[in-house]
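Residues per chain are reported as follows:
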Amino acid sequence: MKSRTVPLLRGMRDYLPSCFAIRQSIENEARRVSRLYGYQEVDTPVVEETSLFRRTLGSGSDVVQKEMFEFKDKSSTEVTLRPEGTAGIGRMITRKDFALYRSLPHRFFYCGPMFRYERPQKGRQRQFSQVGVECIGEESSLADAEVVVMAHQFLDSLELASSPTLQINTLGDVEDRLAYKAELTNFLQERKEKLSVDSLNRLERGAVLRILDSKESNDKELLKGAPRLEDFLSERSSTRFENVLRALEKEGIPFERSSHLVRGLDYYCHTVFEYVSSEIGAQGAVLAGGRYDGLIESLGGPPTPAVGWAAGTDRLALLRTETIDSQFLPICAIIPTGNHNEETEDLIKGYCMRVAGALRRSGIETHLQYKTRYTSKLLATALQNGASAAIFIGENEVSRGKFILKDLKSRAEREVGSIDELADAVSNILNAFS
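Structure report, in brief.

Calculation rules
- Residues numbered from 1 in each chain as written.
- Predicted model: local features only at pLDDT ≥ 70, side-chain atom pairs only at ≥ 80, totals over all residues.
- Heavy atoms only, no water.
- Core = buried A, V, L, I, M, F, W, Y, C linked by side-chain atoms within 4.5 Å.
- Buried < 20%, exposed > 50% of the residue type's maximum accessible area, 1.4 Å probe, protein only.
- Contact = heavy atoms within 4.5 Å.
- Helix = DSSP H or I, 4+ residues; strand = E, 2+ residues; numbered from the N terminus.
- Expected span 1.5 Å × (residues − 1).
- Phe/Tyr/Trp six-rings, centres within 6.5 Å; stacked < 30°, edge-to-face > 60°.
- Lys NZ or Arg CZ within 6 Å of the ring centre and 35° of its normal.

## Notes on the nonpolar core
Working step 1: Core analysis: the largest hydrophobic core is formed by 43 residues, its most contacted members being Leu184 and Leu188.
Working step 2: Ignoring any residue separated from it by four or fewer positions in sequence, one finds Leu188 in contact with Leu195, Leu203, Val208, Ile211, Leu222 and Leu223.

Below is the structure:
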């Protein structure tokens, strides 16, 4: 009886070479840009104690209530596949020795998989990849502006099909937000029969600010008459936000002020922002960030200013205009030729190994074919794998110590006199594709 194949889990995906290359190019670009701003790469575990996310995201948040991959491990510890990256960075800062805290400020870059058990949608599966930055220990409004400038430079470098729009808002400080939440709660309680089911649940859980971000049409209509956060800002908070906006204007970065852009977690304050695109459906945010001065304290550390952002690479991949050209890549293929007896065939294969080793030691990606028959099929395989150059080695080449080198794009061939000359000749072809 034939064995049953194992299906891919819903909301998961395989990254085949072309898709992986696009994702990797986005990650590398984020890594490059963040390094220009002095950020160092770190990596935190994919699995953390569930309590970490309950404390940072809030027990009443949608993520904790509905979307976490949580389970008990073999020691009965409640653990969760990380739904986002900032909490792990915060936990890292508040380790028992507090060594990182004592050496503040820090600028960290990270990338890797995140997990949310939600309905799969365009550009967002249950496992998804993010890149992100965290600037920890800097309270200046210029730090807020600089992380936005960095985000803008990163997105601009990707040459997206359409430029996402920067939406930005301020949540004020703790006192501003508490006064506003009380007024907004009263407003919505008096009209709760008009709220959507999700928004009513958020109201009952105390996540009232998240209602401002509702996409439901009846919620949007109701919120037109709701109190506005900007009317509750202190002079200090307003001045701080204006300093952020002024810095962005000086950098020539366009933005839209969005009074409904919020973060529903208590540790967020002051600047919040998103880059959004209408090209990827209703959930159009491709990059989101803000200031979260209360996070480290919520994890048992001292009050610590922090600001950062994260971006989903799958959503950004949907907006890329440039595709990774897999037809011709900086790859050299070595193709054994001829129909020989076993002894001669072994001699040719050994020589091919020697040539491949020489090229690899010169830093050239080299694909070695293992068969010595059906040269046309071997060449087709090389082209399928993206090779830009091919070296043909048969009995004649082994005896003479010379090689036939072919540029697979132009179809031009030339004879190369020795292994020592071969690396330079191959590099001249591949440099056009690197």
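## A look at helix H1 (residues 17–36)
Working step 1: When the terminal C-alpha atoms of H1 are compared, their 28 Å separation across 20 residues agrees well with the 28 Å that a helix rising 1.5 Å per residue should span.
Working step 2: Within H1, burial applies to Ile22, Arg23, Ile26, Glu27, Glu29, Ala30, Arg31, Val33 and Ser34.
Working step 3: Taken together, the buried residues of H1 touch strand S1 (40–41), strand S5 (106–115), strand S6 (127–136), helix H6 (141–157) and helix H12 (313–318).

## Quick notes on the packing of aromatic side chains
Between two aromatic rings, the relevant description is the distance of the centres plus the angle of the planes.
Working step 1: In the structure shown here, the tally under the stated rule is six aromatic pairs.
Working step 2: Between Phe69 and Phe115 the ring centres are 6.4 Å apart and the planes differ by 75 degrees, which places this aromatic pair in the edge-to-face class. Taken as a pair, Phe69 in strand S3 (residues 69–72) and Phe115 in strand S5 lie far apart in primary sequence, 46 residues in all. Exposure class is identical for Phe69 and Phe115. Each is buried.
Working step 3: Ring geometry for Tyr268 and Tyr292: centres 6.2 Å apart, planes at 70 degrees, overall edge-to-face. With Tyr268 in the loop between strand S8 (256–257) and strand S9 (269–276) and Tyr292 in the loop between strand S10 (285–291) and helix H11 (295–298), this residue pair connects regions lying 24 residues apart in the sequence.
Working step 4: Feature note: the residues Phe69, Phe115 and Tyr117 constitute an aromatic cluster, connected by ring pairs.
Working step 5: Directly above the aromatic system of Tyr15 lies the positively charged group of Arg13, at a separation of 4.2 Å from the ring centroid.
Working step 6: The ring of Tyr15 has Arg23 lying over it, and the distance from NZ or CZ to the ring centre is 4.5 Å.

These figures capture arrangement, not role.
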